[in-house]
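Coordinates in review
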Amino acid sequence: MSVNKILAAALCLSVTWFTSCKPKGSGNAVGADAAAKTYVAPGKYDELYNFVSGGFSGQLSVYGIPSGRLLRVIPVFSADPEKGWGYSEETKPMLNTSHGYVPWDDLHHVEMSMTDGVADGKWVFVNGNNTPRLARIDLKTFRTAEIIELPNSAGNHSSPFGTENSEYIVAGTRFSVPPDGDKSDVPIKTYKENFKGHISFVSIDKNTGAMDLAFQLKTPGVNFDLARAGKGKSHDWFFFSCYNTEQANTLLEVNASKRDKDFIMAVNWKKAEEYVKAGKGVKQAVTYAHNTFDEATQTAKSEMKKEVTVLDVAAFPDLVYFIPCPKSPHGCDVDPTGEYIVGSGKLAALLPVFSYDKIQAAIAAKSFEPEKYAGVPVIKYEAALYGEVQKPGLGPLHTEFDGKGNAYTSFFVSSEVVKWNIKDLKVLDRQPTYYSVGHLMIPGGNTKKPYGKYLIAYNKITKDRYLPTGPELSQSAQLYDISGDKMQLILDYPTIGEPHYAQAVPAELIKDKQLKIFDINANKHPYKANGEAEAKVVRQGTTVHVYLTTIRSHLTPDNIEGVQLGDEVYFHVTNLEQDWDVPHGFAIKGANNSELLIMPGETTTLKWVPDRIGVFPIYCTDFCSALHQEMSGYVRVSPKGSNVPITFGLGDK
Amino acid sequence: MMNTKALPRISTIFILLAAVCLAISLFVPIWQIELNAPQYPEGLALQIWASKIAGDVDIINGLNHYIGMKTLHTKDFIEFTILPYIISAYVVLFLVVAWRRTKKLLNIACAAFILFGVVAMVDFWIWEYNYGHNLDPNAAIKVPGMAYQPPLIGFKQLLNFGAYSIPHIGGWLFVAAGILLLAAMVVARPASKPKLPKNIVAILTLIVVTALSSCGTKGPERVNLNKDACEYCRMTISDGRFAGEIITKKGRVHKFDDIACLLNFEKAQEQSSVKARYVSDFLKNDELIQAAPAWYVATSGIKSPMNGNVAAFASKEAAEAHAAQWKATVETWEQLAHKMNHPHDNPESHHH
């Protein structure tokens, strides 16, 4: 029996050995003093504003850093019933496109307006990936002020990236497509002949922020992924990462992953500007929407534009160059000095760093590959290369900079952030992310002067990080302290879906410029009721206009009769308050619409088509005061042709 | 006296038990390959049964296409058709041995079973090799020189996935069956050869332990700079001159970026479970030496990652040379540990 005991013991021992040599999971590598570093006491402000793309929610979220508190969700491309965005008559035109009303988009990237290569806190630009659009958000009101559609484009992913003074915000097409127009009905397999890339250069008015599609570059039909403008000495240049240089049109996961090197496209945008000025561009008839929100009338208008100027890059030998970059580059990031361009080949096992000076020397010396690519010169890889970071990790995506000579790259497959030195290309530190990090962001990390204290990783997968919530889990952001030699994870918080790129600036740049109320005297809305005395109900045929006012704690008028079945009723609600943080809401039973949320001094319109006779309550939806529950009224709907006259009143008046 | 060619009752019981083990193994997983990656914190498992592949096969097949690995399908393996019959045949064979109770039959059964085990493992290895090496040239991710053959047994890192291959219940039942058979043979040996059982037991133990513990290594485990995290302060270990390591009695390995962290970690343990302690040789990059015989210089002139500011040296001469340079003294491990664990005993900081 002792034999068996020994054998059993041996077996047990070996099992123990087994389990002990299995590596442990990634665990939770949070820094010991994390709480102290991220705690923002009640009543205290955060250090930074963080503008984070909301991905397929179509919206832009705003977080406070370092607390990770969600401060606001700004509706941009998606209708938002909470704020009446896309539901009110005033905002519906903002979501208009050449395809009609498109109430959703996929918002990926964020670019703050810049002056001298540093964020100036005036506007945030964001892209709509699906129905190609660019939007400008005004940081005075935290509202979307302008949306411009992009012709000849599809999948507006390489967007929006700006030059050092926001001279231009560019938008590169992710999907090459046949140019818009009568000839765009072509067999898909004629991709190589008929499909083209287009890069839109949208100029920005330095005072008003107004966007204008200045010109487009027509490029070979590749997929543009991301881009960055040059800085300092490379100011005149723009760099775009390109994949699918195979020009595949089916099963891209295989067919667009074949070549060992794709390209970074270097564009001399100053030259392009000169060519356009000299009239070298071709005018192309297209249709695209340009939507603007007029602050005076508090109403958006949508205008259809009909023409764009296009430069075919193959026709101008000194405009555009391709630089080979391994393999399917995603991020394409320029360091604060403007000298180094980091290409992150998401399928590559190394990280190439290109030198602006070497690129210029290569162009001067014509160090080109013997064959052009679709008419565009290809600079020799070695001639443009500064060096390679060896074995940095798996699946590099994006790089930002701390302004101290270090770069930080996100690695999707190996779920980590890696810090490396730009000069000697040595890896200095690596920290896990939880899990599958996409973009990362250092406040000002894309600018000439990074703020450099924090790094935030935006993660796609959060299994086991938070309380589970059914099949869909939240995405997340993770905050690292990068002030020391080592990155230190100090906070982990869920985000609205899905965070792609983000930018952050010190709060001082924005917080004191906030508009608190709309001046009611400056309100030029055509249906404004200037005080309760102007509140009224007016019938025009089958259209009924209700000029309604709100002030704590009543609606004027609050009893309305004379509406008939078959009428279209417009409630034009003017919030008479002139006090900060006192919006009123407005809703009516059975409306196929959302609520309205009206800021002090603002007029907003809800359209209502009653579907039955009866009496319909109206009420304020935003808890405004102690008597908020009393802030309500009734609208009576009578049969069509009824002799109930239009009457309205409040109290005994 | 019994017929010396006949098996004793206890052997018969062992053989019957072996048959039961094998019979059960038909209905439970035999082998498991566990895969862990950052984005799969819960892990993925591939289970090999006698008649099928089970577990997260579909998810694993979905992932494999990135690197161009063939997808796994039960029907591609002839083994899963014939294996249940082979195992059943062995069950029948064992029953026959138990019924006939002859040593000769037992020897044959035992040899045949060992042969089966060896052939099965070789077959398993060949499949792993083929799957790991025959990659689609059109794969999206191609890492030069990288193959994805999972380990036969034990742990291996394959890109972002850690693959951990280990017998499942059925596999252990196989091992148990083998041991029962051998035990049946051992107890059936005539009493005139008393030495042999001990030897066999010793050899068996050795074989089992060595085979199964192949991934456990003696001595310190190398600190992977910029990859391993300090067990105490959770920061990545990046300076190879100041790292430390503790191996516990249970074989757990804890790594540290600073000797101060090592000592703090130990201090925080309720009871010491330390089997071995290692520190980095200050003069070499990332080379661990035993902590106790080493020599130490503690001075603020040294800047270590967590401000322990202690350098360790393998030789006293080297330590003294550096101590002179920093105007500090050379200490032993005990002196150092005492000083760092009881900072207030230091007369300079005593204010009572």
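An unreviewed UniProt entry lists chain A under the name Sec-dependent nitrous-oxide reductase, with Filimonas effusa as the source organism. Looking at the Subcellular location (unreviewed entry) heading of the UniProt record, one finds this comment for chain A: "Cell envelope".

Looking now at the overall build of chain A. Within chain A, the secondary structure is distributed over 7 helices and 43 strands. By the compact-globule yardstick of 26 Å for 653 residues, chain A fits well, its C-alpha radius of gyration being 28 Å. Taken along its principal axes, the extent of the C-alpha atoms in chain A is 90 × 90 × 45 Å. Burial analysis of chain A (653 residues in total) assigns 60% to the buried set. Long-range contacts, defined here as pairs at least 24 residues apart, represent 62% of the contacts in chain A between residues at least 6 apart. Taking the average place of the 68 positive charges on the side chains of chain A and the average place of its 74 negative ones, the gap between the two points comes to 4 Å.

Our focus in this paragraph is the overall build of chain B. In terms of regular secondary structure, chain B is built from 9 helices and 12 strands. Within chain B, contacts between residues at least 6 apart in sequence are counted, and of these 60% link residues at least 24 apart. Entry remark: accessible area of chain B is about 18500 Å², with carbon and sulfur atoms responsible for 61%.

Turning to the pairing of strand β11 (residues 168-172) of chain A, a few remarks are in order. All names here are of chain A. For β11, a buried count of 5 out of 5 residues is recorded, marking the element as mostly surrounded by other parts of the structure. On β11, burial covers both faces: Tyr168, Val170 and Gly172 on one face and Ile169 and Ala171 on the other are all buried. Summarising the sheet, strand β10 (residues 158-162) and β11 pair through 3 bridges and their orientation is antiparallel. Within β11, the residue paired with Phe161 across the bridge is Val170. Taking the residues that link successive antiparallel strands as the turn, the β10-β11 hairpin has 5 residues, and the phi of Ser166 there is positive, at about 50°.

Residues and elements named next belong to chain A. Counted under the stated rule, the structure contains 40 salt bridges over all chains. Linking Asp80 and Lys83 is a salt bridge whose minimum nitrogen-to-oxygen distance equals 3.3 Å. Of the residues examined, Asp80 reaches a relative accessible area of 9% and is grouped as buried. Overall, Lys83 belongs to the buried group, its relative accessible area being 16%.

All names here are of chain B. Where helix α1 (residues 9-25) contacts helix α5 (residues 169-187), the two axes come as close as 8 Å, and the packing angle between them is 165°. The orientation of α1 relative to α5 falls into the category roughly antiparallel. Of the two elements, α1 crosses α5, and the hand of that crossing is left-handed. Here Ile10, Ser11, Phe14, Ile15, Leu17, Ala18, Cys21, Leu22, Ile24 and Ser25 of α1 lie close against α5, whose contacting residues are Gly170, Leu173, Phe174, Ala176, Ala177, Leu180, Leu181, Ala183, Ala184 and Val187.

A few words now on the environment of Lys280 of chain A. Residue and element names in this part refer to chain A. Tracing the backbone shows Lys280 in the loop between α5 (269-277) and β17 (282-294). For the pair Lys280 and Pro317, spaced 37 residues apart in the sequence, the C-alpha separation amounts to 13 Å. Beyond its immediate stretch of four places on either side in the chain, Lys280 contacts Tyr275, Leu311 and Phe316.

Attention now goes to the sheet that holds strand β30 (residues 475-481) of chain A. Pairing between sheet strands relies on hydrogen bonds along the backbone, with the strands arranged either parallel or antiparallel. All names here are of chain A. Pairing is antiparallel across the open sheet formed by 4 strands, whose spatial order is β28-β29-β30-β31. Strands with a single pairing partner mark the edges of an open sheet, and in this sheet they are β28 (437-441) and β31 (488-495). Shown here is a sheet whose adjacent strand axes are inclined to one another by a mean of 20°, direction ignored. In the sheet, β30 pairs with β31 via 7 bridges, with the strands oriented antiparallel.

Turning our eyes to something else, we now look at helix α8 (residues 316-326) of chain B. Residues and elements named next belong to chain B. If you check which residues of α8 are buried, you get Ala318, Ala319, His322 and Ala323. Considered in projection along α8, the buried side chains sweep an arc of 135° and stay on one side of the axis. Seen from the buried face of α8, the exposed residues on the opposite side, beyond 90 degrees, are Glu317 and Ala324. Directly after α8, the chain includes Lys327, whose backbone phi takes a positive value near 55°.

A word on the nonpolar core. The biggest cluster of nonpolar side chains holds 31 residues, and the ones touching the most others in it are Ile15, Leu22, Ile87, Phe94, Phe113 and Leu181 of chain B. Each residue touching Ile15 of chain B, except ones within four places of it in the same chain, is listed here: Leu7, Phe94, Val97, Ala98, Leu106, Leu181 and Ala184 of chain B. One finds Val170, Phe215, Cys242 and Leu319 of chain A within the second-largest nonpolar core, a separate group that totals 30 residues.

Turning to the packing of aromatic side chains, a few remarks are in order. Residues and elements named next belong to chain A. What the rule picks out here adds up to 44 aromatic pairs over all chains. Ring centres of Trp237 and Tyr321 lie 6.2 Å apart, and the angle between their planes is 35°; this geometry places the pair in the tilted category. In this pair, Trp237 is assigned in strand β15 (residues 237-243) and Tyr321 in strand β19 (residues 320-326), connecting sequence segments 84 residues apart. There is no split in this pair, since Trp237 and Tyr321 are both buried.

Residue and element names in this part refer to chain A. What the domain assignment reports for chain A is domain 1 (48-509) and domain 2 (520-649). Centre-to-centre, using C-alpha coordinates, domain 1 lies 43 Å away from domain 2. Carbon and sulfur atoms make up 45% of the surface buried where domain 1 meets domain 2, a total of about 1200 Å² over both sides. Together, Glu89, Glu90 and Gln298 form the three largest contributors to the area buried by domain 1 at its contact with domain 2, with a combined 36%. One can count 1 salt bridge joining domain 1 with domain 2. Arg143 is the salt-bridge partner of Glu602, the closest N and O atoms lying 2.7 Å from each other. Grouping the constituent residues of the side of domain 1 that touches domain 2 by class yields 3 nonpolar, 5 polar and 5 charged.

Moving on: the packing of helix α7 (residues 259-268) of chain B against helix α9 (residues 333-341) of chain B. All names here are of chain B. It is at 10 Å that the axes of α7 and α9 come closest, and there the two elements cross at 70°. Here α7 is positioned roughly perpendicular relative to α9, judged by the angle of their axes. Residues Ile259, Ala260, Leu262, Leu263 and Lys267 of α7 lie in contact with α9, whose contacting residues are Trp333, Leu336, Ala337, Met340 and Asn341. Here the contact of α7 with α9 is composed, by residue class, of 8 nonpolar, 1 polar and 1 charged.

What counts and what doesn't
Residues numbered from 1 in each chain as written. Chains lettered and ligands numbered in written order. Predicted model: local features only at pLDDT ≥ 70, side-chain atom pairs only at ≥ 80, totals over all residues. Heavy atoms only, no water. UniProt positions renumbered as here; feature names shortened; annotations may be inferred. Helix = DSSP H or I, 4+ residues; strand = E, 2+ residues; numbered from the N terminus. Rg over C-alpha atoms; globule rule 2.2 N^0.38 Å. Buried < 20%, exposed > 50% of the residue type's maximum accessible area, 1.4 Å probe, protein only. Contact = heavy atoms within 4.5 Å. Lys, Arg positive; Asp, Glu negative; His and termini not counted. Charge placed at Lys NZ, Arg CZ, Asp CG, Glu CD. Areas by Shrake-Rupley, 256 points an atom, 1.4 Å probe, with all protein chains shown as cover. Pairing = 2+ DSSP bridges. Salt bridge = Lys/Arg side-chain N within 4 Å of Asp/Glu carboxyl O. Axes fitted to C-alpha atoms, helices over the stretch in contact; angles between N-to-C directions. Parallel < 35°, antiparallel > 145°, perpendicular 65-115°, else oblique. Left-handed = near helix turned anticlockwise from the far one by under 90°. Arc of directions from axis to C-beta. Core = buried A, V, L, I, M, F, W, Y, C linked by side-chain atoms within 4.5 Å. Phe/Tyr/Trp six-rings, centres within 6.5 Å; stacked < 30°, edge-to-face > 60°. Domains from an automatic or database assignment. Buried area = accessible area lost by both parts, 1.4 Å probe. Nonpolar A, V, L, I, M, F, W, Y, C, P; charged D, E, K, R; others polar.

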